[in-house]
Amino acid sequence: MSADTPAALHTSSIHSLPLLARGKVRDNYAVGDDRILMVASDRISAFDVIMGQPIPGKGALLTRMALFWFERLKGIVPNHLTGEAPESVVQPDEVAQVTGRSMLVKRLKPLPIEAVVRGYLAGSGWTEYQESQSVCGVPLPAGLRNASPLPEPIFTPAAKAEVGEHDENISFEKVEQTIGKELAARMREVSIELYRTAAAFARTKGIIIADTKFEFGLDENGTLTLMDEVLTPDSSRYWPEAGYQAAFDAGLNPPSYDKQYLRDWLQTATVDGKPWAKQPPAPTLPQEVIDNTAAKYREALEALTR
């Protein structure tokens, strides 16, 4: 499937509802005062830069995976789903833009914290560990390597950044100062339980969830509520168990179902003959990269739900 087919939606245009915000992937529209229509576009970002070309089918895959996990984890913490059909709040000529790629959700007061949980040392966590033998102030044992499993999952929060800016890792004390000690403790407890439950299930399907980030809001009663997306390849590192050990032994990043394939390609990409500086504009993605990235997302969903 090429990137310019009708199935690819880079940017939605729902004229019947007020646009609240466009994120890296999702376009959010107000439905009255108490609900939001979240449309998952086929945009993809890496290094906090949105690529110029969409990944066809990505938004629908993300939505199916998020709904799968919301259902599986609903016993741990309330989530933002209303259970209502997204098609019910748009005009007939807009239905095609929302079908299969949207969620109609409760409007919450979002908390300004990315609730990151790590079960393995990777990405910015690995970089930080090499400098301080800790991640977000959480001390870790000596001798760990890239992609090492951690003794226990750790909560390593980040401050949410504006689109195009980098999220900043912060200490738990900073979370307490931002949202209060009681809510911070609840967020950490729930996040780790969500991760443990999801990671244990994923292992039965041959998938390692190395780390993930959750987003939470408060409902009208002040109840902590899981929101946005959950446990998709956009917000998590998904590694096929089959390829993990060989890559780890070789000191390489494990093969992945997530955006690591795109990130690895971007590390070698050039703009105007120079290595890309991880700033807009993004390099033009070759069709092979678009197709292979789409395949990674499909593989993850198929492995989880088989």
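Residues numbered from 1 in each chain as written. Predicted model: local features only at pLDDT ≥ 70, side-chain atom pairs only at ≥ 80, totals over all residues. Heavy atoms only, no water.

A separate point is helix α7 (residues 260-268). In an α-helix, one turn spans 3.6 residues; hence positions three or four apart end up facing the same way. Listing the buried residues of α7 in full gives Gln 260, Leu 262, Arg 263 and Leu 266. All buried residues of α7 lie within an arc of 155° about the axis, which places them on one face of the element. (Buried < 20%, exposed > 50% of the residue type's maximum accessible area, 1.4 Å probe, protein only. Helix = DSSP H or I, 4+ residues; strand = E, 2+ residues; numbered from the N terminus. Arc of directions from axis to C-beta.)

Before going further, it helps to examine the environment of Val 230. In this structure, Val 230 sits in the loop between β15 (224-227) and β16 (236-240). Sequence-wise, Val 230 and Phe 70 are 160 residues apart; in three dimensions their C-alpha atoms are separated by 7.0 Å. Filtering out sequence-adjacent residues up to four positions away, Val 230 remains in contact with Met 65, Ala 66, Trp 69, Phe 70, Leu 73, Phe 214 and Ser 235. (Contact = heavy atoms within 4.5 Å.)

As a further point, take the pattern of salt bridges. Side chains that differ in sign of charge can pair as their charged atoms come close. Within the structure shown, the criterion is met by 13 salt bridges. Taking the shortest distance from any N to any O, the salt bridge between Arg 43 and Asp 27 comes out at 2.7 Å. Taken as a pair, Arg 43 in the loop between β3 (35-40) and β4 (45-46) and Asp 27 in strand β2 (residues 26-31) lie far apart in primary sequence, 16 residues in all. Classification of Asp 27 by relative accessible area gives buried; the value is 0%. Among the charged side chains, a salt-bridge network with shared partners connects Arg 22, Asp 27 and Arg 43. (Salt bridge = Lys/Arg side-chain N within 4 Å of Asp/Glu carboxyl O.)

This part takes up the confidence of the model for the protein. In the predicted model, the protein carries a mean pLDDT of 93, and the fraction of residues at 70 or more is 96%. Contacts from residues 1-6, a stretch scored under 50 in pLDDT, to residues over four places away or in other chains number 11 contacts. (pLDDT = per-residue confidence, 0-100.)

Attention now moves to unusual backbone geometry. Note: most peptide bonds trans; most residues except glycine with negative phi. A cis geometry characterises the amide bond from Pro 280 onward to Pro 281, with omega recorded as 0°. Along the chain, the position of Pro 281 falls in the loop between β18 (274-275) and α8 (287-305). Unusually for a residue other than glycine, Cys 136 sits at a positive phi of about 50°. Located in the positive-phi region is Ala 147, a residue other than glycine, with phi close to 75°. Relative to the elements of secondary structure, Ala 147 occurs in the loop between β10 (138-139) and β11 (149-155).

Sheet strands pair via backbone hydrogen bonds, and the direction of the pair is either parallel or antiparallel. Read across the sheet, four strands follow the order β1-β2-β3-β6 without closing on themselves; strand pairing throughout is antiparallel. The sheet is open, and its two borders are formed by β1 (19-22) and β6 (102-106), each paired with just one other strand. Averaged over neighbouring strand pairs, the angle between their axes works out to 20° when direction is ignored. Direction of pairing for β3 relative to β6: antiparallel, over a ladder of five bridges. The residue bridging Val 39 from the neighbouring strand is Ser 102, located in β6. Here helix α1 (residues 58-73) sits on the sheet and contacts β2, β3 and β6; the angle it forms with β6, its principal contact strand, is near 45°. (Pairing = 2+ DSSP bridges. Axes fitted to C-alpha atoms, helices over the stretch in contact; angles between N-to-C directions.)

Summed over the entire model, instances satisfying the criterion amount to 11 aromatic pairs. Ring geometry for Tyr 120 and Trp 239: centres 5.6 Å apart, planes at 75°, overall edge-to-face. In this pair, Tyr 120 is assigned in strand β8 (residues 113-120) and Trp 239 in strand β16, connecting sequence segments 119 residues apart. For the pair formed by Tyr 120 and Trp 239, the shared burial category is buried. Ring geometry for Trp 239 against Tyr 244: centres 5.7 Å apart, planes inclined by 15°, an arrangement best described as stacked. Side by side, Trp 239 and Tyr 244 carry an identical accessibility label, which is buried. Of the aromatic side chains, those joined through ring pairs into one cluster are Tyr 120, Trp 239, Tyr 244 and Phe 248. Sitting over the face of the ring of Phe 172, Arg 188 holds its NZ or CZ atom 3.8 Å from the ring centroid. The aromatic ring of Phe 47 is capped on one face by Lys 278, whose charged end is 4.8 Å from the ring centroid. (Phe/Tyr/Trp six-rings, centres within 6.5 Å; stacked < 30°, edge-to-face > 60°. Lys NZ or Arg CZ within 6 Å of the ring centre and 35° of its normal.)

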